[in-house]
Amino acid sequence: MKKIIARNIAIITAIFMITLSIMLITNYFQAKDVSPLQTQVVETLKKLNDQNADNPQLQEQIRQLDLMARKAYFINMDHLMRGVYLLLGMLVVFIVSIRIYFAQHKDIPDKEIDLIDEWAIQSQARKYVGLIATGLTAVALLFVVFSMPFMQASKNNTETALAQKDTNSSIVGNTINEAPSLPEETIETNPVENTGSIESEEESVSVEETPLSSKESTTEEIDVASVETSEKAETTAPVSVPKVTSNAFRGNDANGITQAKNIPVKWDLQGGSNIAWKSEIPRGGQSSPVINGNRVFITGADAQARELYCYDLNTGKLLWTLAAVNIAGSPSQVPKTTEDTGLASASVSTNGKQVCAIFATGDVICANMEGKQLWAKNIGVPDNHYGYASSLLVFKNQLFIQYDNRNTHKLIALNTENGKELWSKERADKIAWSSPSIAYVNNQPQLILMSDPSITAYNPTTGDQIWRVECLMGEVGASACSADGIIFGASEYAKMVAINGTDGSVLWESMDYLPEASSPVATHDNIYLATSYGVVASFDTKTGELKKEHETGEEFYSSLMLVEGKIYLFSNGGKMHIFSADDEFKLLDSFETGENTYATPAFTDGRIVVRTDQSIYCVKAN
């Protein structure tokens with residue numbers, strides 16, 4: 001009786017697995033090209049919106065339809081995963097039933113048996129039954145994997161790279177954003193609180209300019225006469241050192257806020273208006289520039305070399321280059337990365353004494369401000385299907401590395417002076433391209449990390465977890481921001497969340513508009529974000545209510561920067577947008593710069609340093 005029950009269960013589960021496998025495979029072919037943002041209906045609605053830009057009622061209807069499409073997409077993904085779990089469960093039941101049925105049969109018995117038993121008992125036939133069921137299940141699971149959003153995103157990125165000649169994005173990432181903290185002296189005396197005001201003082205350690213490299217830069221001379229005059233002046237008068245630093249991507253503390261003053265609001269890269277200098281970068285990359293004193297740091301890499309560059313802020317001259325070479329554990333062959341991520345997507349970080357860089361090989365190098373290597377190490381080659389992109393963050397003398405990859409999930413703290421590990425924390429999270437940031441809660445710093453599925457706060461000194469909120473999913477590329485002790489995190493195909501930094505409680509959630517790689521920025525009253533599909537929006541920080549939205553028709557990977565009461569934002573095509581950082585959130589100006597821009601610009605008093613897919617340049621008002 002026991003055998004008959006086991007046999008019947010095995011037959012039923014086998015039929016069920018075959019049916020469900022066929023359904024999952026069919027689902028792949030039906031849904032492989034479906035995206036909530038890339039349907040003919042949505043494209044038609046976009047055209048209607050462009051033709052009726054002043055019709056708020058139509059825009060609201062389009063927004064609701066967009067949200068419905070997103071929800072339908074997420075429901076489909078949920079059903080898909082339920083099907084996977086059910087299929088795996090049936091496979092386990094099938095295997096257990098077969099083992100029970102054949103527990104007493106090692107060979108073909110010498111007695112008459114019915115046809116079904118005779119077919120099932122023979123060892124060779126048993127092998128075929130198991131192989132067919134397992135094989136079909138494996139094929140179905142393979143098609144499920146190809147149906148998932150990250151595989152579709154990878155496919156779309158490849159198709160885009162083939163269709164467009166000059167598409168280098170900073171993902172996921174890019175774009176991924178990161179920024180180092182203020183130097184130790186600054187943190188202790190004047191911790192930066194993320195409020196709506198940008199009038200607070202900020203000072204950093206200043207460093208005297210000492211060009212050591214004899215290598216000539218490839219600076220493009222915008223105005224020969226003015227350059228010659230500047231060179232003569234250097235021999236007779238000391239060069240002033242800016243006090244405002246931008247020690248990593250998205251400024252100090254990686255929060256998207258700078259205290260820089262007298263920032264230009266217009267420039268012409270092709271004509272040279274308000275352009276102090278423009279230089280080539282020896283090797284490509286998506287990392288963003290950082291500024292400390294009169295030095296600008298950036299990285300570049302290819303299959304031949306991974307390098308850290310230092311430029312003169314005043315002239316654009318390449319002062320020195322440091323290559324990541326002779327590092328124990330460094331791979332002999334570079335990891336495969338997508339074209340829009342590459343080997344140098346992570347931005348560097350500095351504290352005015354040391355400057356550190358990381359590459360997609362897992363190599364970390366650190367130099368003093370004159371370019372002398374202090375230490376180098378490999379922390380493990382990241383298993384990452386786009387390429388490693390999480391930027392570094394320096395806080396006092398600690399270097400933080402978010403290392404969430406397939407093969408490892410951890411947060412690492414190294415000593416910036418010698419590279420020794422201060423502490424390391426394993427993380428229960430999946431692969432991510434976001435970067436760490438510092439938030440101040442009750443005047444105490446918290447180290448904030450975002451990934452799938454959580455937003456987590458750590459004590460930056462000890463690495464102890466303060467709170468953790470599981471609220472995200474998918475491929476997390478944008479980084480968190482904060483204001484008044486509230487931490488904000490948002491990611492496309494997930495949601496935006498506001499978290500009380502005191503206890504980790506969720507204050508509100510929103511799914512109106514969500515960023516892919518561009519990180520948001522917040523003030524006391526508003527949080528501002530940009531999507532990959534052209535919408536730039538503002539929300540109320542207390543309620544999450546959508547306040548204003550702009551349909552630009554652009555794509556954004558670069559992050560928003562809050563400067564002198566304005567929001568500066570580059571589109572991927574190199575168009576600069578400047579908005580008012582207030583409740584009105586007006587578009588003050590927008591203009592083309594002429595070069596694709598995926599990195600986030602760095603600011604200091606009177607200057608902006610911009611990295612494009614072709615060059616690095618400095619904007620300075622005449």
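Attention here is on the structure that accompanies the text. The residue count restarts for each chain, going from 1 along the sequence in the order it is written. Owing to the predicted nature of the model, reporting of local features is limited to residues with pLDDT of at least 70; listing and counting of side-chain atom pairs is limited to 80 or more, with chain, interface and lining totals taken over all residues. The side-chain values count all of the structure's non-hydrogen atoms but skip hydrogen atoms and water molecules.

1. Here's the deal with a nonpolar patch on the surface
Alright, step 1. Put simply, a patch holds well-exposed residues, over 30% relative accessible area, that have no salt bridge, with like charges counted together within 9 Å and Val, Leu, Ile, Met, Phe, Trp or Tyr side chains within 5 Å. Only the protein chains shown count as cover for residues, and the accessible areas themselves come from Shrake-Rupley with a 1.4 Å probe. The rule for a salt bridge is simple: a side-chain nitrogen of Lys or Arg has to be within 4 Å of a carboxyl oxygen of Asp or Glu. Where nonpolar side chains cluster on the molecular surface, the patch consists of Met 1, Ile 5, Ile 9 and Val 93 and spans about 380 Å² of accessible area.
Alright, step 2. Among the secondary structure elements, Ile 5 is positioned in helix α1 (residues 2–31).
Alright, step 3. The exposure class assigned to Ile 5 is partly exposed, which follows from its relative accessible area of 45%. In DSSP terms, a helix is any run of H or I states spanning at least four residues, a strand is any run of E spanning at least two, and both are numbered starting from the N terminus. When a residue's accessible area, from a 1.4 Å probe over protein chains only, is under 20% of the maximum for its type it is buried; when over 50% it is exposed; and in between it is partly exposed.

2. Concerning the sheet that holds strand β28 (residues 566–570)
Alright, step 1. We call two strands paired when DSSP finds no fewer than two bridges between them. Across the sheet, which stays open at both edges, the four strands sit in the order β27-β28-β29-β30 with antiparallel pairing between neighbours. Single-partner strands in this sheet number two, and they are β27 (561–563) and β30 (587–592). Neighbour-to-neighbour, the strand axes of this sheet turn through a mean angle of 20°, independent of strand direction.
Alright, step 2. With five bridges joining them, β28 and strand β29 (residues 575–580) adopt antiparallel strand pairing. Each bridged residue has a counterpart across the sheet, and for Lys 566 the counterpart in β29 is Ser 580. Orientation is described by lines fitted to C-alpha atoms, with helices fitted over the stretch in contact, and by angles between N-to-C directions that extend from 0 to 180 degrees.

3. Some points on the pattern of salt bridges
Alright, step 1. Applying the stated criterion to the full structure yields 14 salt bridges.
Alright, step 2. Across the salt bridge formed by Arg 295 and Glu 370, the nearest N and O atoms sit 3.7 Å from each other. Residue Arg 295 is found in strand β4 (residues 295–301), and its partner Glu 370 is found in the loop between β9 (363–368) and β10 (373–378); the two are separated by 75 residues along the sequence.
Alright, step 3. Looking at Arg 295, the relative accessible area reads 1%, which means it is buried.
Alright, step 4. Between Glu 509 and Lys 495 there is a salt bridge, with the nearest N and O atoms lying 3.2 Å from each other. Of the two residues, Glu 509 is situated in strand β22 (residues 506–510) and Lys 495 in the loop between β20 (486–490) and β21 (496–500); the sequence distance between them amounts to 14 residues.
Alright, step 5. Overlapping salt bridges bring together Asp 404, Arg 427, Asp 429, Arg 468 and Glu 470 as one network.

4. Looking at the pairing of strand β16 (residues 444–450)
Alright, step 1. Taking burial as the measure, the seven residues of β16 include five buried ones, the bulk of the element.
Alright, step 2. Two strands pair when backbone bridges link them, and strand β15 (residues 437–441) and β16 are joined in this way by five bridges, in the antiparallel orientation. Among the inter-strand pairings, Ala 439 is bridged to a residue of β16, identified as Gln 446.
Alright, step 3. Between β15 and β16, which pair antiparallel one after the other, the connecting turn spans two residues, and Asn 442 there sits at a positive phi close to 55°.
Alright, step 4. As judged from the four bridges shared by β16 and strand β17 (residues 454–458), these two strands associate in the antiparallel manner. Bridging across to β17, Met 450 finds its partner in Ile 455.
Alright, step 5. Linkage of β16 to β17, two consecutive antiparallel strands, is achieved through a turn of three residues.

5. A look at the environment of Arg 406
Alright, step 1. Relative to the helices and strands, Arg 406 resides in the loop between β12 (398–404) and β13 (409–415).
Alright, step 2. The partly exposed category is assigned to Arg 406, whose relative accessible area is 43%.
Alright, step 3. For the pair Arg 406 and Asn 384, spaced 22 residues apart in sequence, the C-alpha to C-alpha distance is 6.3 Å.
Alright, step 4. The residues contacting Arg 406, other than those within four sequence positions of it, are Asp 383, Asn 384, His 385 and Ile 431. Residue contacts are defined here by distance: any two heavy atoms, one from each residue, within 4.5 Å place the two residues in contact.

6. Re the nonpolar core
Within soluble globular proteins, side chains that are nonpolar generally end up buried alongside one another.
Alright, step 1. Nonpolar core, defined: a set of buried Ala, Val, Leu, Ile, Met, Phe, Trp, Tyr and Cys residues in which side-chain atoms within 4.5 Å join the residues together. Ranked by internal contacts, the top residues of the largest apolar core, which has 36 residues, are Phe 297, Leu 308, Trp 320, Ile 358, Ile 365, Leu 399 and Ile 401.
Alright, step 2. For this core, the elements supplying multiple residues, two or more each, are β4, β5 (306–312), β6 (318–323), β8 (354–358), β9, β12 and β13.
Alright, step 3. Among residues more than four places away in sequence, those in contact with Phe 297 are Ser 288, Pro 289, Val 290, Asn 292, Tyr 309, Cys 310, Trp 320, Val 348, Val 355 and Met 369.

7. Re the environment of Val 290
Alright, step 1. Along the polypeptide, Val 290 turns up in strand β3 (residues 290–292).
Alright, step 2. Note: C-alpha distance between Val 290 and Asn 252 (38 residues apart in sequence) is 9.5 Å.
Alright, step 3. Non-local contacts of Val 290, meaning those with residues more than four positions away in its chain, are made with Ser 246, Asn 247, Ala 248, Phe 249, Arg 295, Val 296, Phe 297, Val 348 and Ala 602.

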